[in-house]
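So you can see what is in the structure, the chains are spelled out below.
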Amino acid sequence: MIALGVRRGALTDKHIRIRRQRVVPMVASLLSVVAGLALLRVLHAPADVGALVVAMLVGLLSALAVTVWWQISLHNAVAGARR
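Residues numbered from 1 in each chain as written. Predicted model: local features only at pLDDT ≥ 70, side-chain atom pairs only at ≥ 80, totals over all residues. Heavy atoms only, no water.

K.L.:
Pulling in residues and values, what's your account of the confidence of the model for the chain?
P.N.:
Confidence in the prediction of the chain, expressed as mean pLDDT, is 85, and 96% of residues score 70 or more. Mean pLDDT values over the elements of the chain span from 73, in helix 4 (residues 74-80), up to 91, in helix 1 (residues 2-8). (pLDDT = per-residue confidence, 0-100. Helix = DSSP H or I, 4+ residues; strand = E, 2+ residues; numbered from the N terminus.)

Structure, rendered in structure tokens:
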């Protein structure tokens, strides 16, 4: 999605340095995680897997809230989630 946005000129580059441009890809990611969570529910996945996806959703929501004001590194956020 990001590569397509760069090719179309909607995004400056693959790092999405302009913060307001980050919202659309992050909302798309959010919708993808919600769809995945619904699919896990329909397929009766183990509760632990669903809990992990909910944790990802919370992290994504918090990153979305923060990235509107500050340019944060999502790579570091994911790396920081490791124990």
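Now that the structure has been shown, we can carry on.
K.L.:
Could you give an account of the nonpolar core, naming the residues involved and the relevant values?
P.N.:
Counting residues in each nonpolar core, the largest one holds 8 residues, listed as M26, L30, V33, V53, L57, L60, A63 and L64. Listed by contribution, the elements that provide at least two residues to this core are helix 2 (23-42) and helix 3 (47-67). By residue number, the principal contributor to this core is helix 3, which donates 5 residues. Ignoring sequence-local partners within four residues, the contact set of V33 consists of V53, M56, L57 and L60. (Core = buried A, V, L, I, M, F, W, Y, C linked by side-chain atoms within 4.5 Å. Buried < 20%, exposed > 50% of the residue type's maximum accessible area, 1.4 Å probe, protein only. Contact = heavy atoms within 4.5 Å.)

K.L.:
Which residues make up helix 2, and what values go with them?
P.N.:
For helix 2, built from 20 residues, the straight-helix expectation of 28 Å at 1.5 Å per residue is met to within 8% by its first-to-last C-alpha distance of 28 Å. Within helix 2 the residues assigned to the buried category are P25, M26, L30 and V33. Down the axis of helix 2, the smallest arc covering the buried residues is 145 degrees, so these residues share one side. Facing away from the buried surface of helix 2 by more than 90 degrees, the exposed residues are V24, L31, L39 and V42. Where the residues of helix 2 are buried, they touch helix 1, helix 3 and helix 4. (Expected span 1.5 Å × (residues − 1). Arc of directions from axis to C-beta.)

K.L.:
Describe the pattern of salt bridges, with residues and values.
P.N.:
Inspection of the entire model under this criterion finds 1 salt bridge. Put simply, D13 and R17 hold a salt bridge, and the shortest N to O gap is 2.9 Å. For R17, a relative accessible area of 48% gives the class partly exposed. (Salt bridge = Lys/Arg side-chain N within 4 Å of Asp/Glu carboxyl O.)

K.L.:
Provide a residue-level description of the side chain of R22, including the pertinent values.
P.N.:
Assignment of secondary structure puts R22 in the loop between helix 1 and helix 2. For the buried R22, no salt bridge is present, and the opposite-charge side chain at shortest range is D13, 7.8 Å distant. Reaching out from R22, the side chain makes a polar contact with the backbone oxygen of I16 at a distance of 2.9 Å. Once residues within four sequence positions are removed from consideration, R22 is found in contact with H15, I16, T67, Q71 and I72. (Lys, Arg positive; Asp, Glu negative; His and termini not counted. Polar contact = N/O pair within 3.5 Å; in protein donor to acceptor, adjacent residues only side chain to side chain.)

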